[in-house]
Amino acid sequence: MVLGIKSCLATDTPAVISAKKLKTYCNVNGKTYKKIEKQLLFVRHAEGYHNSLFDERRVHEAVNIRDPELTPLGKCQVADLREEVEVLLKSGVKIDKVIVSPMTRTLQTAWGTFSGFNIPFQACHFITEYSDAPCNYGTRKSHLMNSWPQVDFSMVPEVWWMENEDDVNISRRAKQFRDWLFMQPEKNLAVVSHAGFLHELLQEHFRNCELKRINWIHRSRKQVRKH
């Protein structure tokens, strides 16, 4: 069971965050559950060249750019987001790790936003975009590792995207990511992904380079040892 709690940046002072800390276990209808809380920053990538072409209604060109990079506007959006993240970090918000889709535009967004703060980066193919066109087809892991040596690609297969993906598979990926996330030891994570996947995961719409701060609570039945 996963509960999503969107927090308000204006009211999340250190005192409020401290007051929201939850006990390890809870009782619901006579059943004992273990609570695992994740404090998450979700980010959609900045503007890529396919986004700018879609805006110009050049759809055929947009969908056929393979793994597009960020536009100059996108890079400016990243610079603005970095300033926003710096404010959050100075206010006491913690980021233990950045989880990033292996697409070029998400890697560029993540590195431009979170580099230099002594935070590790891990690529996760579960959170890539709905892979229904060449603009959402990725680059082989071996090439990415050469281009992005500062990112951990250990969990990513050599060919990690699915061409002509359907709705069933993206729903499966969203569940895989939720399950994987709650198995990670870090509590405070930034997740840099895509509009389609984030909507599937959160039922939320994201603009390019938009950040949303959301807490997740997972409740699993506590195993009671019999003597």
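Residues numbered from 1 in each chain as written. Predicted model: local features only at pLDDT ≥ 70, side-chain atom pairs only at ≥ 80, totals over all residues. Heavy atoms only, no water.

(A) Inspection of the overall build of the protein at higher detail. When you go through the protein residue by residue, the secondary structure sums to eight helices and eight strands. Counting across all 227 residues of the protein, residues that qualify as buried make up 48%. Taking as baseline every contact in the protein between residues at least 6 positions apart, the subset at least 24 positions apart corresponds to 76%. If you sum the accessible surface of the protein, you get close to 12000 Å²; carbon and sulfur atoms cover 51% of it. (Helix = DSSP H or I, 4+ residues; strand = E, 2+ residues; numbered from the N terminus. Buried < 20%, exposed > 50% of the residue type's maximum accessible area, 1.4 Å probe, protein only. Contact = heavy atoms within 4.5 Å. Areas by Shrake-Rupley, 256 points an atom, 1.4 Å probe, with all protein chains shown as cover.)

(B) Summary view of the packing of aromatic side chains. Applying the stated criterion across every chain yields a total of six aromatic pairs. Ring centres of W111 and F121 lie 5.0 Å apart, and the angle between their planes is 55°; this geometry places the pair in the tilted category. One end of the pair, W111, is in helix α5 (residues 104-114); the other, F121, is in strand β5 (residues 121-123), with ten residues separating them in the sequence. The exposure class assigned to F121 is buried, which follows from its relative accessible area of 6%. On the numbers, 5.3 Å between centres and 80° between planes, the contact of W160 with W161 is edge-to-face. (Phe/Tyr/Trp six-rings, centres within 6.5 Å; stacked < 30°, edge-to-face > 60°.)

(C) Here's a closer look at the pattern of salt bridges. Scanning the model with the defined rule gives ten salt bridges in all. Taking the shortest distance from any N to any O, the salt bridge between E186 and K97 comes out at 3.3 Å. Of the two residues, E186 sits in the loop between α7 (167-181) and β7 (188-193) while K97 sits in strand β4 (residues 97-100), which places them 89 residues apart along the sequence. The shortest N-O distance in the salt bridge between K175 and D179 comes to 2.7 Å. Remark: D179 and K175 occur in helix α7; sequence separation between them is four residues, near one turn of the helix. (Salt bridge = Lys/Arg side-chain N within 4 Å of Asp/Glu carboxyl O.)

(D) Quick peek at the packing of α7 against helix α8 (residues 195-202). With their axes 9 Å apart at the nearest point, α7 and α8 run at an angle of 70° to one another. With respect to their mutual orientation, α7 and α8 come out roughly perpendicular. Relative to α8, α7 is oriented so that their crossing is right-handed. The segment α7 lies against α8, with I170, S171, R173, A174, F177 and R178 engaging G196, F197, E200 and L201. (Axes fitted to C-alpha atoms, helices over the stretch in contact; angles between N-to-C directions. Parallel < 35°, antiparallel > 145°, perpendicular 65-115°, else oblique. Left-handed = near helix turned anticlockwise from the far one by under 90°.)

(E) Looking closely at unusual backbone geometry. A positive phi angle, near 60°, is found at N118, a position not held by glycine. Structurally, N118 is set in the loop between α5 and β5. With phi around 55°, N164 is a residue other than glycine that occupies positive phi space. Among the structural elements, N164 can be located in the loop between β6 (151-152) and α7.

(F) Summary view of the nonpolar core. With 31 residues, the main nonpolar core has I95, V98, F114, V151 and F153 as its most contacted residues. Secondary-structure elements contributing two or more residues to this core are β3 (31-44), α4 (72-90), β4, α5, β5 and β7. Sorting elements by how many residues they give to this core places α4 first, with four residues. For I95, the residues in contact, after removing those within four places along its chain, are L41, V85, L89, F114, I119, N188 and A190. Core analysis: the second largest hydrophobic core is formed by 21 residues, C124, F126, I127 and F206 among them. (Core = buried A, V, L, I, M, F, W, Y, C linked by side-chain atoms within 4.5 Å.)

(G) Representation of the packing of α4 against α5 within the structure. Where α4 contacts α5, the axes come no closer than 8 Å and their chain directions differ by 45°. In terms of their interaxial angle, α4 and α5 are classed as oblique. As for how α4 packs across α5, the hand of that crossing is right-handed. Contact with α4, carried on its side by V78, L81, R82 and V85, involves T109, W111, G112, T113 and F114 of α5 and no other residues of that element. For the contact of α4 with α5, a count of residues per class yields five nonpolar, three polar and one charged. (Nonpolar A, V, L, I, M, F, W, Y, C, P; charged D, E, K, R; others polar.)

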